[in-house]
Amino acid sequence: MVSRGISADVTTYNSMIHGHCVHAQQEEARRYFDEMMDRGISPDTVTFNILIDSHCKDGMTEDAWGLFELMVKINIKPDQITYNSMMDGLCLVGRLQDAVKLFGSMLDRGLEPSQLNYNVLIDGYCKNRKLDEAMQLFKKMKQNGLKPTIFTYSILLRGLYRDRRVRAAKNLFNEMQTFGLSLNEVTYATLLDGLCKNGKIDEAVDLFGSLETTGNLINIFMYNILIHGLFQAGKLEDARKLFDKIPRNGLLPDVVTYNTMIKGFVRNNMLLEANSLIIEMEEKGCLRDARAYDTIINGFLVAKENAKALYFLRKMLVRNFAPSDSAICLLLKTLSEHELKNL
């Protein structure tokens, strides 16, 4: 373009800036931003939105805030997307109160918050265990004529279950159904996880069963949640049966599924079963991290079967996996000096 005498405009620079941001090349993106300013090409809202969003996602919140302030200084009006990115960035680094103030400043500047703006702040409140504030903002959202999305409800359900407000979560779920919202996999996974973590395993099993009849909503993530919940509730056989059903329903266990099963077997001193699953993981190419090895090594050490623990430790080291700190401590505590020397 330059060699042909074609002048770059704001759209051209935005494309270059966006491309570098996508590849996490923040310095290059800022270089093009500075260059356009030096050439007298005024950035627009899109330019700042690209940079602010990218900086926030990379944890560079102070740089993003500097861009936000520059935007206001040069009389470029932030839009709802700008506020959304900046609020999300502030929440990610724990600056919830700054996000709240920024949300309030939208109205002062004559900009009505969107559903996305409400969702970001509701999520921020939930993650900081401020459920009352989250519910108040949810109420305000509806009062202002904005219809909550399935994402809004999923955020609140996760927060309520995390705070053990099971009754409030049930009421919210009923409200969702009253409004006729179509629940998706994320919402159902949130419900399953919340029920399992609050000791409502029978309700979780019933919900999972009702989903199985529809078929298309069940995914491996939901299986992982329920298998973990069944082990936590001491329902070993139910967990094993559910694991065995996975291939019959056209799905494949992933590394999380295997790790959950192995951990459950080890905790219940079912080491032969755990050993078999390790072998199965290897055969199916699922043994991609150290967690499974850590789990079974710990199990054999606790059961005082040091030879088997050492066998898996050597296999782990051959694959360049490092044992966790807890596994190393247990090895040092359990193994004899002779066994440690022969590693």
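Please refer to the structure placed before this passage.
The present account deals with the structure reproduced in this document. Everything numeric here is computed off the predicted structure, so don't read it as measured data.

Comments concerning unusual backbone geometry
In terms of backbone geometry, most residues other than glycine have negative phi values and most peptide bonds are trans.
At step 1: Backbone geometry at Asn75 places phi at a positive 60°, although glycine is not the residue there.
At step 2: Mapped onto the secondary structure, Asn75 falls in the loop between helix 4 (61-73) and helix 5 (80-92).
At step 3: Judged by its relative accessible area of 71%, Asn75 falls in the exposed class.

Describing the pattern of salt bridges
At step 1: Counted according to the given criterion, the structure contains 17 salt bridges.
At step 2: Across the pair Lys142 and Glu175 runs a salt bridge whose closest N-O atoms are separated by 3.1 Å. One end of the pair, Lys142, is in helix 8 (residues 131-143); the other, Glu175, is in helix 10 (residues 166-178), and 33 residues separate them in sequence.
At step 3: Using a relative accessible area of 22% as the deciding quantity, one classes Glu175 as partly exposed.
At step 4: Taking the shortest distance from any N to any O, the salt bridge between Glu203 and Lys170 comes out at 3.4 Å. Taken together, the positions of Glu203 in helix 12 (residues 201-214) and Lys170 in helix 10 put the pair 33 residues apart, joining distant regions of the chain.
At step 5: On the basis of relative accessibility, which here comes to 31%, the residue Glu203 falls in the partly exposed class.
At step 6: The class for Lys170 is partly exposed, based on a relative accessible area of 34%.
At step 7: The network of salt bridges with common partners includes Glu28, Arg31, Glu35 and Arg39.

Some words on the nonpolar core
At step 1: Core analysis: the biggest nonpolar cluster contains 108 residues, and Ile17, Ile52, Ile122, Ile262 and Ile297 have the highest contact counts within it.
At step 2: Ranked by residues supplied to this core, first place goes to helix 13 (residues 220-232) with eight residues.
At step 3: In contact with Ile52, not counting residues within four places along its chain, are Ala64, Leu67, Phe68, Met71, Thr82, Ser85 and Met86.

Focus on the layout of surface pockets
At step 1: What the largest pocket holds in volume is close to 420 Å³.
At step 2: Contributing to the lining of the largest pocket are 23 residues, with Ala189, Asp193, Gly194, Lys197 and Ile225 lying nearest its centre.
At step 3: Breaking the lining of the largest pocket down by element, the ones donating at least two residues are helix 9 (150-162), helix 11 (185-197), helix 13 and helix 15 (255-267).
At step 4: For the lining of the largest pocket, the element with the highest residue contribution is helix 11, accounting for eight residues.
At step 5: Classifying every residue of the lining of the largest pocket by side-chain character gives nine nonpolar, nine polar and five charged.

Details of the packing of helix 14 (residues 236-245) against helix 15
At step 1: Packing of helix 14 against helix 15 leaves a shortest axis separation of 11 Å and a crossing angle of 155°. Overall, the two elements helix 14 and helix 15 adopt an arrangement that is roughly antiparallel. Two packed elements cross with a definite hand, and for helix 14 against helix 15 that hand is left-handed. Residues Ala239, Arg240 and Phe243 of helix 14 form the contact with helix 15, whose participating residues are Thr257, Tyr258, Met261 and Phe265.

What to know about the packing of aromatic side chains
At step 1: Counting across every chain of the model gives twelve aromatic pairs.
At step 2: For the ring pair Trp65 and Phe68, a centre distance of 5.3 Å and an interplane angle of 15° mean the geometry is stacked. Highlighted residues: Trp65 and Phe68, both in helix 4, separated by three residues, approximately one helical turn.
At step 3: Of the residues examined, Trp65 reaches a relative accessible area of 24% and is grouped as partly exposed.
At step 4: Classification of Phe68 as buried rests on a relative accessible area of 3%.
At step 5: Relative to Tyr223, the ring of Phe208 lies with its centre 5.0 Å away and its plane at 75°, an arrangement referred to as edge-to-face.

Calculation rules
- The residue count restarts for each chain, going from 1 along the sequence in the order it is written.
- Totals for whole chains, interfaces and linings use all residues, but because this is a predicted model, local features are given only for residues with pLDDT of at least 70 and pairs of side-chain atoms are given and counted only at 80 or more.
- Side-chain measures were taken over the full set of non-hydrogen atoms in the model, leaving aside hydrogen atoms and water.
- In DSSP terms, a helix is any run of H or I states spanning at least four residues, a strand is any run of E spanning at least two, and both are numbered starting from the N terminus.
- Buried residues are those whose accessible area, probed at 1.4 Å on protein chains only, stays under 20% of the maximum for their type, while exposed residues exceed 50% and partly exposed ones sit between those limits.
- Only one rule defines a salt bridge in this text: a Lys or Arg side-chain nitrogen within 4 Å of an Asp or Glu carboxyl oxygen.
- We call a set of buried residues a nonpolar core when its members are Ala, Val, Leu, Ile, Met, Phe, Trp, Tyr or Cys and they connect through side-chain atoms within 4.5 Å of each other.
- Working rule for contacts: check all heavy atoms of both residues, and any pair within 4.5 Å makes them a contact.
- Here a cavity denotes a set of grid points, spaced 1 Å apart and computed over the protein atoms alone, in which a 1.4 Å probe fits but from which it cannot get out, and a pocket denotes an open set meeting protein on both sides within 12 Å along at least five of seven lines; residues with an atom within 4 Å of a point are reported as lining.
- Grid points are joined across faces, edges and corners, and a volume is the space filled by probe spheres set on the points.
- Each residue is assigned to one class: nonpolar for Ala, Val, Leu, Ile, Met, Phe, Trp, Tyr, Cys and Pro, charged for Asp, Glu, Lys and Arg, and polar for all the others, Gly among them.
- Think of each axis as a best-fit line through the C-alpha atoms, taken over the contacting stretch in the case of a helix, with angles from 0 to 180 degrees between the N-to-C directions.
- Any angle from 65 to 115 degrees is called roughly perpendicular, while one under 35 is roughly parallel, one over 145 is roughly antiparallel, and all others are oblique.
- Crossing handedness: left-handed means the near helix sits turned counterclockwise from the far one by under a right angle, and right-handed means the same turn made clockwise.
- Working definition: a ring pair exists when centres of Phe, Tyr or Trp rings (six-membered ring for Trp) sit within 6.5 Å. Plane angles under 30 degrees give stacked, over 60 give edge-to-face, the rest tilted.

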